[in-house]
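Observations on the three-dimensional arrangement
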Amino acid sequence: MNIEKEYFGQTRDGESVHRYLVEGSRGASVALIDFGAIVQSVRMPDRDGRVDEISLGFDSLRGYLDEHPYFGATVGRYANRIANGRFELGGQTFTLASNNGPNHLHGGVRGFDKALWSGSPVQTETECGVRFKLTSPDGEEGYPGELQVSVLYMLDVENRLTISYEANTSRPTPVNLTNHTYWNLSGAGSGEILGHQLSIVADRYLPVDESLIPTGELAFVEGGAMDFRNPLEIGSRFDSVEGGYDHCFVLGDSASETPRPAAILRDPASGRLMRVSTTEPGIQLYTGNFLDGTKGAGGKIFGRLGALCLEAQHFPDSPNQESFPSTVLSPGDTYRQVTIHEFSAA
Ligand code: GLA
């Protein structure tokens with residue numbers, strides 16, 4: 001295992017950004033940058049040992065400084081939507097930016113994906129990676145409390161990428177962190193992901209209204225387009241999902257202490273397979289419905305349905321939905337999440 005740190009560019013405030021390249025087994029590698037604690041590249045071998053880029057990203061910092069659809073980003077303070085950018089906590093109403101129609105999305109105008117984190121390499125005998133730390137000030141983007149956050153990415157000799165999050169706060173605040181990597185196991189920019197096969201360990205999902213806020217119902221997937229309990233080709237029932245998949249699946253009634261199996265994504269063409277397990281109660285399947293032809297790494301064009309995200313997280317709009325597992329972190333408690341991506345090819 002090996003890690004290399006290199007200069008990646010400068011923020012508009014003149015701060016230096018670094019890229020960390022972590023090398024795994026059989027030619028695999030993961031690259032991370034301290035701007036946004038972003039996964040900039042994931043390269044994995046296919047069944048014949050051919051290594052290819054399987055995540056969407058940019059070659060240079062510029063793409064990440066401008067607006068982009070959260071390629072590889074660490075998303076926070078609250079990933080996904082909060083209805084009307086408003087919630088109540090401790091008898092007080094908090095107002096956040098409405099940056100997605102009427103709703104608040106992915107932490108606001110300047111979320112954790114646009115912050116410069118401080119990175120330090122971590123290495124053990126079997127794993128290698130980077131720990132990123134960030135202090136989110138009290139009141140940032142309207143959220144209460146100063147939040148100390150850390151995200152640790154570790155790649156091991158089996159090409160398992162483990163993302164471990166921790167957070168502490170000075171005042172009660174909602175916290176919901178996720179990683180927003182877009183996957184195309186056939187290769188980034190190689191076309192639509194409708195031929196990928198997906199299974200999700202969920203017998204329920206969260207139906208949403210027209211602005212993608214959960215209605216509060218936990219609906220059974222039973223036989224419909226949301227039924228991924230057995231491997232299903234993503235394209236096979238796609239036409240019956242208005243706008244494409246952008247739904248949260250229920251993995252459990254609460255967060256778990258240790259990661260549990262959540263999803264398996266397989267690309268029959270390359271033989272690549274990604275197994276996801278997580279401590280989170282939900283996982284958002286987003287099929288890149290809003291991708292619009294962004295020019296990314298290697299000059300590749302990332303068009304609609306050109307990749308998909310599997311975002312481990314708490315349920316969207318939890319701060320306004322009493323029946324959902326709580327996302328409130330209190331002073332003295334520690335937020336913890338562990339999500340594992342295990343790669344193989346056959
Ligand atoms: C999330 C959301 C989507 C979309 C993307 C970013 O996955 O659920 O609706 O906003 O982020 O484009």
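Residues numbered from 1 in each chain as written. Predicted model: local features only at pLDDT ≥ 70, side-chain atom pairs only at ≥ 80, totals over all residues. Heavy atoms only, no water.

A closer look at the overall build of the protein chain
Each helix and strand in the protein chain was counted, giving one helix and 29 strands. In terms of overall dimensions, the protein chain is globule-like: its C-alpha atoms have a radius of gyration of 19 Å, near the 20 Å expected for 346 residues. Along the three orthogonal principal directions, the C-alpha set of the protein chain runs to about 60 × 50 × 35 Å. Relative to its full complement of 346 residues, the protein chain shows a buried share of 56%. Long-range pairs, those at least 24 residues apart, make up 65% of the contacts in the protein chain with a sequence separation of at least 6. Only carbon and sulfur atoms are counted for the fraction: they give 44% of the accessible area of the protein chain, which is about 13,700 Å². (Helix = DSSP H or I, 4+ residues; strand = E, 2+ residues; numbered from the N terminus. Rg over C-alpha atoms; globule rule 2.2 N^0.38 Å. Buried < 20%, exposed > 50% of the residue type's maximum accessible area, 1.4 Å probe, protein only. Contact = heavy atoms within 4.5 Å. Areas by Shrake-Rupley, 256 points an atom, 1.4 Å probe, with all protein chains shown as cover.)

Side note on the packing of aromatic side chains
Per the counting criterion, the structure on display carries 16 aromatic pairs. Pairing tyrosine 286 with phenylalanine 290 gives two aromatic rings, centres 5.9 Å apart and planes at 35 degrees, and the pair type is tilted. On the basis of relative accessibility, which here comes to 57%, the residue phenylalanine 290 falls in the exposed class. Taken together through their ring pairs, the aromatic side chains of Phe58, Tyr64, Phe71, Tyr182, Tyr286, Phe290 and Phe302 make up a single cluster. (Phe/Tyr/Trp six-rings, centres within 6.5 Å; stacked < 30°, edge-to-face > 60°.)

Observations concerning the side chain of glutamine 337
By the element assignment, glutamine 337 lies in strand β29 (residues 335–345). At 2.9 Å, the side chain of glutamine 337 and the backbone oxygen of leucine 177 are in polar contact. Only 2.7 Å separates the side chain of glutamine 337 from the side chain of threonine 339, close enough to count as a polar contact. (Polar contact = N/O pair within 3.5 Å; in protein donor to acceptor, adjacent residues only side chain to side chain.)

With respect to the site of the ligand
Taken together, 13 residues lie near the ligand, and Arg81, His106, His180, Asp246 and Glu311 sit nearest. With respect to the ligand, the side chain of arginine 81 contributes an N or O atom lying 2.6 Å from an oxygen atom. With respect to the ligand, the side chain of glutamine 284 contributes an N or O atom lying 3.4 Å from an oxygen atom. Compared with its free state, where it exposes 300 Å², the ligand has 95% of that area covered by protein. Split by residue class, the shell around the ligand holds seven nonpolar, three polar and three charged. (Near = heavy atom within 4 Å. Nonpolar A, V, L, I, M, F, W, Y, C, P; charged D, E, K, R; others polar.)

Some points on the environment of arginine 272
Relative to the elements of secondary structure, arginine 272 occurs in strand β23 (residues 272–278). The buried category is assigned to arginine 272, whose relative accessible area is 3%. C-alpha separation for the pair arginine 272 and aspartate 46, spaced 226 residues apart in sequence, amounts to 5.4 Å.

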